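Letter by letter, the chains look like this.
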Amino acid sequence: VTDPSNPSTQMITTALSAVGSSEAQDALCEMIRAKKQDFRALRGIVPILGSLHQPTRRVVALLQELSRSSSRDIRSMALLALGGAAKNLAHVSPEQSSAIVGDIASRYSSSTTVDEQTTVLLALGNSASERGEGIILSQRNNHSPELRRIASAALGDFKSSASLQGLCETLRTDQDPQVR
């Protein structure tokens with residue numbers, strides 16, 4: 001991966017993600033490993049891993065590794081992709097999906113900044129899981145307007161009556177116009 005904005009590189013990553021085979025996923029993982037500390041190179045490839053229909057264990061392991069990067073940007077991007085991977089695994093491997101959501105949920109409890117909590121809430125939203133929805137719903141009354149706003153945005157991805165009711169209540173009652 002020399003230049004992620006290069007049309008040839010974009011064509012290769014698009015083709016590999018469309019194929020989706022374990023070999024194609026391995027090739028994407030190798031491309032990422034080659035540029036593991038280069039956010040510019042990774043920003044066009046890592047999100048693809050979260051959109052794969054049946055991400056392999058190797059993809060999930062790489063996303064988990066990247067989600068612990070010293071770079072905040074890489075960490076955030078990987079967490080968001082992990083949420084997508086959990087969603088895509090829910091029907092084919094519910095136990096693996098649940099484990100991913102559990103890992104993301106535990107990060108929410110241990111997050112110390114609003115920025116980290118924001119990313120984790122969005123990752124839980126990407127997971128479209130019941131557990132993620134419950135955590136997001138519980139943040140509608142958070143003291144931080146930013147977290148309430150993100151919780152509302154993340155709830156928009158859920159199609160349940162609880163989320164719809166929570167969104168309506170937030171629109172009716174939250175005092176902060178940024179949240180509504």
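Rules of the game
Residues numbered from 1 in each chain as written. Predicted model: local features only at pLDDT ≥ 70, side-chain atom pairs only at ≥ 80, totals over all residues. Heavy atoms only, no water. Core = buried A, V, L, I, M, F, W, Y, C linked by side-chain atoms within 4.5 Å. Buried < 20%, exposed > 50% of the residue type's maximum accessible area, 1.4 Å probe, protein only. Helix = DSSP H or I, 4+ residues; strand = E, 2+ residues; numbered from the N terminus. Contact = heavy atoms within 4.5 Å. Salt bridge = Lys/Arg side-chain N within 4 Å of Asp/Glu carboxyl O. Polar contact = N/O pair within 3.5 Å; in protein donor to acceptor, adjacent residues only side chain to side chain. Axes fitted to C-alpha atoms, helices over the stretch in contact; angles between N-to-C directions. Parallel < 35°, antiparallel > 145°, perpendicular 65-115°, else oblique. Left-handed = near helix turned anticlockwise from the far one by under 90°. Nonpolar A, V, L, I, M, F, W, Y, C, P; charged D, E, K, R; others polar.

Q: Help me out: how do you make sense of the nonpolar core in this one?
A: Soluble globular proteins tend to bury their nonpolar side chains together. Ranked by size, the top nonpolar core spans 44 residues in total, and within it Ile32, Val46, Leu49, Leu63, Ile104 and Ile136 carry the most contacts. Of the residues forming this core, the biggest block, nine residues, is contributed by helix H6 (residues 72-89). Not counting residues up to four positions away in its chain, the partners in contact with Leu49 are Leu28, Ile32, Pro55, Val59, Leu62 and Leu63.

Q: Even after reading the chapter, I still don't get the pattern of salt bridges, so can you show me in this structure?
A: Where charged atoms of side chains with opposite charge meet at close range, the side chains can pair. Counted under the stated rule, the structure contains eleven salt bridges. Arg72 serves as the salt-bridge partner of Asp115, at 3.3 Å between the closest nitrogen and oxygen. Of this pair, Asp115 sits in helix H8 (residues 114-127) while Arg72 sits in helix H6, placing them 43 residues apart in sequence. By relative accessible area, Arg72 is classed as partly exposed at 45%. As a salt-bridge pair, Arg148 and Asp174 come within 2.6 Å of each other at their nearest N and O atoms. In this pair, Arg148 is assigned in helix H10 (residues 145-155) and Asp174 in the segment after helix H11 (161-173), connecting sequence segments 26 residues apart. Overlapping salt bridges, with partners in common, bring together Asp26, Glu30 and Arg58 in one network.

Q: Mind showing me how you'd approach unusual backbone geometry here?
A: Trans peptide bonds make up the majority, and among non-glycine residues the majority have a negative phi. Of note, the phi angle at Ala128 is positive, near 55 degrees, even though the residue is not glycine. By the element assignment, Ala128 lies in the loop between H8 and helix H9 (130-138). Looking at Ala128, the relative accessible area reads 39%, which means it is partly exposed.

Q: Hey, could you run me through the side chain of Ser127 in this one?
A: Looking at the element boundaries, Ser127 is found in helix H8. In terms of polar contacts, Ser127 uses its side chain to reach the side chain of Ser129, at 2.9 Å. Filtering out sequence-adjacent residues up to four positions away, Ser127 remains in contact with Gly83, Ala86, Lys87 and Val101.

Q: Quick question: what am I supposed to make of the packing of H6 against H8 here?
A: Two packed helices can be described by the angle between their axes and the distance between those axes. Packing of H6 against H8 brings their axes to within 6 Å, and their N-to-C directions diverge by 20 degrees. Taken together, the axes of H6 and H8 are roughly parallel relative to one another. Between H6 and H8 lies a crossing whose hand is right-handed. In this structure, H6 uses Arg72, Ser76, Leu79, Leu80, Gly83, Gly84, Ala86 and Lys87 to contact H8, whose residues at the interface are Asp115, Thr119, Val120, Leu122, Ala123, Asn126 and Ser127. In the contact of H6 with H8, the residues fall into six nonpolar, six polar and three charged.

Purely spatial values, then, with no claim about function.
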